[in-house]
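Okay, here's what each chain looks like letter by letter:
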Amino acid sequence: MPRHAEPAVDVIAAARAGERGALEELSSRTLPLVYSVAARAHPYRDDVDDIVQETMMRILRGIGGLERLEAFRSWVITITVNEVRDHIRRRGRREMTGAAFDAAEHRPDPAADFAEGVILDLRLSGQREETLRATRWLDEDDRELLSLWWLETAGRLARAELASALDMTGHQAAVRVQRMKERLHTSRVIVRALAARPACGELTRLTLDWNGAPSGLWRKRLGRHVRQCPRCARHEEGMLAPEGLLAPLALLPVPAALLAWRPWLSAGTHAAAADHAGTAATSVGGGSAKAGTAGTGLTAKAVVVASALLAVAGALVYAAPRSSPSARPATAPTASRPAPAPSPTASASPSRPAPVSAVSRPSPRSLPGPRYGSVVDTADSAPPPDRPPAALPHRPQTSVTMTGLKRHLDGYQLVHRGDTVVLRGKGYFTVHWDVMYGLRPGLLTMPSWTGLRGRLFHVASGGGHRMDDRRPGATAGGTWMGNRQQGLITLPPGAQQMWQNEYYYLDGSVTLHLNETQADYNLDVLPSSWQETADDIATPPTSHSADRERYGRVRDTGHDDAPVPQYTTRSTPTNAGTVPQHSVVS
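Described in the following lines is the structure provided in the data block. Note that the structure is a prediction, hence the values are computed from the model and not measured. (Residues numbered from 1 in each chain as written. Predicted model: local features only at pLDDT ≥ 70, side-chain atom pairs only at ≥ 80, totals over all residues. Heavy atoms only, no water.)

### Some details on the overall build of the protein
Along the protein, the regular secondary structure elements total 18 helices and 11 strands. With 586 residues in all, the protein has 52% of them scored as buried. For the protein, the accessible area works out to roughly 24,900 Å², and carbon and sulfur atoms hold 53% of it. (Helix = DSSP H or I, 4+ residues; strand = E, 2+ residues; numbered from the N terminus. Buried < 20%, exposed > 50% of the residue type's maximum accessible area, 1.4 Å probe, protein only. Areas by Shrake-Rupley, 256 points an atom, 1.4 Å probe, with all protein chains shown as cover.)

### Here we look at the environment of Arg387
Mapped onto the elements of the fold, Arg387 is located in the loop between α17 (300–319) and β1 (400–404). Once the C-alpha coordinates of Arg387 and Ala538 are considered, the two residues, 151 residues apart in sequence, prove to be 9.6 Å apart.

### A closer look at helix α1 (residues 9–16)
The set of residues buried in α1 consists of Val11, Ile12, Ala14 and Ala15. Looking down the long axis of α1, one finds its buried residues gathered within 165° of arc, a one-sided arrangement. In α1, those exposed residues whose orientation departs by more than 90 degrees from the buried face are Val9 and Asp10. Positive backbone phi, approximately 95°, marks Gly18, located one or two places after α1. (Arc of directions from axis to C-beta.)

### Here we look at the nonpolar core
Residues Val52, Ile59, Ile63, Phe72, Trp75, Trp137 and Leu148 are the most contacted members of the largest nonpolar core, which totals 65 residues. Looking at this core, the element that brings in the most residues is helix α2 (residues 20–41), giving 10 residues. By size, the runner-up hydrophobic cluster in this structure holds 49 residues, among which are Met481, Tyr503, Leu506 and Val525. (Core = buried A, V, L, I, M, F, W, Y, C linked by side-chain atoms within 4.5 Å.)

### Overview of the pattern of salt bridges
When their charged atoms lie close together, side chains carrying opposite charge are able to pair. Scanning the model with the defined rule gives 17 salt bridges in all. Linking Arg219 and Asp139 is a salt bridge whose minimum nitrogen-to-oxygen distance equals 3.9 Å. Here Arg219 is found in helix α12 (residues 216–228), whereas its partner Asp139 is found in the loop between α7 (126–134) and α8 (140–153), with 80 residues between them in sequence. Residue class for Asp139 comes out partly exposed when judged on its relative accessible area of 33%. Between Arg466 and Asp380 there is a salt bridge, with the nearest N and O atoms lying 3.3 Å from each other. Of this pair, Arg466 sits in strand β6 (residues 448–466) while Asp380 is found in the loop between α17 and β1, placing the two residues 86 residues apart along the sequence. (Salt bridge = Lys/Arg side-chain N within 4 Å of Asp/Glu carboxyl O.)

### Section: the environment of Arg227
Relative to the assigned elements, Arg227 resides in helix α12. Distance from Arg227 to Thr186, taken between C-alpha atoms, is 8.4 Å for residues 41 residues apart in sequence.

### Thoughts on the packing of α8 against helix α10 (residues 170–195)
Packing of α8 against α10 brings their axes to within 10 Å, and their N-to-C directions diverge by 110°. The orientation of α8 relative to α10 falls into the category roughly perpendicular. Across the interface between the two elements, Asp141, Asp142, Leu145, Leu146 and Trp149 from α8 touch Arg176, Val177, Met180, Lys181, Arg183 and Leu184 from α10. Here the contact of α8 with α10 is built from residues that sort into 6 nonpolar, no polar and 5 charged. (Axes fitted to C-alpha atoms, helices over the stretch in contact; angles between N-to-C directions. Parallel < 35°, antiparallel > 145°, perpendicular 65-115°, else oblique. Contact = heavy atoms within 4.5 Å. Nonpolar A, V, L, I, M, F, W, Y, C, P; charged D, E, K, R; others polar.)

### Here's the deal with the pairing of strand β3 (residues 411–414)
With 3 bridges connecting them, strand β2 (residues 406–408) and β3 associate as antiparallel partners. If you follow His408 over to β3, its bridge partner there is Gly411. Connecting β2 to the next strand, β3, in antiparallel fashion are 2 residues, including Leu409 with a positive phi near 50°. Alignment of β3 against strand β10 (residues 521–527), held across 3 bridges, turns out to be antiparallel. (Pairing = 2+ DSSP bridges.)

### What to know about α12
Relative to the 18 Å expected for 13 residues at 1.5 Å per residue, α12 spans 19 Å between its end C-alpha atoms, a close match to the ideal helical length. Restricting attention to buried positions, one finds in α12 the residues Gly216, Trp218, Arg219, Leu222, Gly223, His225 and Val226. (Expected span 1.5 Å × (residues − 1).)

### Details of the sheet that holds strand β5 (residues 442–443)
The sheet built from 3 strands is open, its strands ordered β5-β8-β7 with mixed pairing. A strand with exactly one partner marks an edge of an open sheet, and here the two such strands are β5 and β7 (482–483).

### Side note on the environment of Asp561
Within the element layout of this structure, Asp561 appears in the segment after β11 (553–554). Along the sequence, Asp561 and Ser374 sit 187 residues apart, while their C-alpha atoms lie 7.3 Å from each other. One polar contact links Asp561 to Thr557, side chain to side chain, over a distance of 2.4 Å. (Polar contact = N/O pair within 3.5 Å; in protein donor to acceptor, adjacent residues only side chain to side chain.)

### Side note on a positive patch on the surface
On the surface, Lys220, Arg221, Arg224 and Arg227 cluster together into a positively charged patch. Within the element layout of this structure, Arg221 appears in helix α12. For Arg221, a relative accessible area of 36% corresponds to the partly exposed category. (Patch = residues over 30% accessible without salt bridge, like charges linked within 9 Å, V, L, I, M, F, W, Y side chains within 5 Å. Lys, Arg positive; Asp, Glu negative; His and termini not counted. Charge placed at Lys NZ, Arg CZ, Asp CG, Glu CD.)

### Comments concerning unusual backbone geometry
Of the consecutive residues Arg197 and Pro198, the connecting peptide bond is found in the cis state with omega at 5°. Tracing the backbone through its elements, the reader meets Pro198 in the loop between α10 and α11 (201–206). At Tyr567, a position not held by glycine, the phi torsion is positive, near 60°. For Tyr567, the position within the fold is in the segment after β11.

### Looking at the side chain of Asp469
Looking at the secondary structure, you find Asp469 in the loop between β6 and β7. From its side chain, Asp469 meets the backbone nitrogen of Arg466 in a polar contact 2.8 Å long. Those residues in contact with Asp469, other than ones at most four positions away along the chain, are Gly478, Thr479, Trp480, Glu549 and Arg550.

### Comments concerning empty space enclosed by the protein
What the rule picks out here adds up to 2 cavities of 30 Å³ or more. Roughly 190 Å³ of volume is contained in the largest cavity. As for the largest cavity, its lining consists of 16 residues, of which Trp433, Met446, Trp449, Tyr504 and Pro565 are closest to the centre. Elements supplying a minimum of two residues to the lining of the largest cavity: β4 (420–435), β6 and β9 (499–513). Counting residues per element, the lining of the largest cavity draws most heavily on β9, at 3 residues. (1 Å grid on protein atoms, 1.4 Å probe; cavity = no way out; pocket = protein on both sides within 12 Å on 5 of 7 lines; lining within 4 Å. Points joined across faces, edges and corners; volume = space filled by probe spheres on them.)

Below is the structure:
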């Protein structure tokens, strides 16, 4: 928050006295700082809005007890940090209970945390993106410190304010910051080394037992290797200082829904602030109200009003679409009754399927049938090479945005176990397969889809061949999955044999994970459209082609009984490679 945007002392004083206008101005000027600290310090992005709301409630309810007006910022930061810590502790306790295990289907995707959100929202590239990825390797305390140092680097915080928020001296804070920066540097080298191709053989062997989730423990193990390995140590070359990379990102844009719906500015909160005016409280930093505590003058009615508003806002904030910056939620989300889907039209030409009408989810009352997610891809056989595909149903499409580590063409490439791409939106996209049987053959651990919100369908297969088709010019028995001389890559029993290009339709968000263990493979995740998909699968096989052996296949029925990809789940398991072959996604 730029210094000129900070609340003036007279505004703080008026807010302490309970003036409504001053409280509203104080809230508007404080919110970006609170949101930035919380978003960068907390590992799960879905909790950030709750943390911000509760922090703002505690600030405005406790403002009447603030003694030293000049200590306001330190007091705000301390409350925010304490609220982040409390949420992490409460979340940890919840996830240890059976109830939390039962609710695992609705846990957020760790890959969609703050780092993913910043990369998506600001469309970062190069070393900034790499540095944000590296923050996921830091421990909880380091992430907390990084969130404050980030703001200090950009001149939004003073070192004294940072130290006060962490209850340290200036010297202790300086030592902590230096050590955190060293661990961040190591994490950046690890991110580069894991993404490098060709991969370091020793690093590959070292990570065979790794589940792909960044952690402090694996940072230490891999850090020792990248420091000692001449090949991996070269990844330090050309690495810019984090100060120059992170400073421009110091304040995050506050979501529109959070700006529009601010339950902490209720009448009860105003009354509580007024009741506190002139009341002494335990000081923090030698003269501010006790961080994170509400004032003693808060009435029971005010608590009820504020708590009710907070609970309602918690539902409304997440109902607001991210793509609608001016959206202001007005009512709690309700389930709408879907309309029956119109009848599809037949294709006039086998070489170019004609579009059918946009599909809608059929009403269970009018058209009984399988629920979404009850049909999951199963292994099938290849159709005759010269059989044209059926018409591809046309689903509503806008766009699908992607967030990943390694850019490739208009999308991203997954090259190492643990690599992910987060997809959000409504539309079509392609997953292009490249199996590396010449580098590391063996059993292939299939990619998985986690944290699904909304719907994901496997709509078509194309690219001119299935990966188990004979490869033109290959020796006897040679396919796109390998040969006897270089090695073969095999699939788990019951796994759907992939084609060169697999096409999917998403309406929501999901994270795709590369889970290689024995067999080495790469995935290119690229944007597509209904027309591009239809054109590819309808292109006939050609004689003397290097890769087009057959027409493609349509899998989409246009309704909810279209297949869902294998290894798909709404949960977010620690090890994405353990997602069951037929996960529950309904």
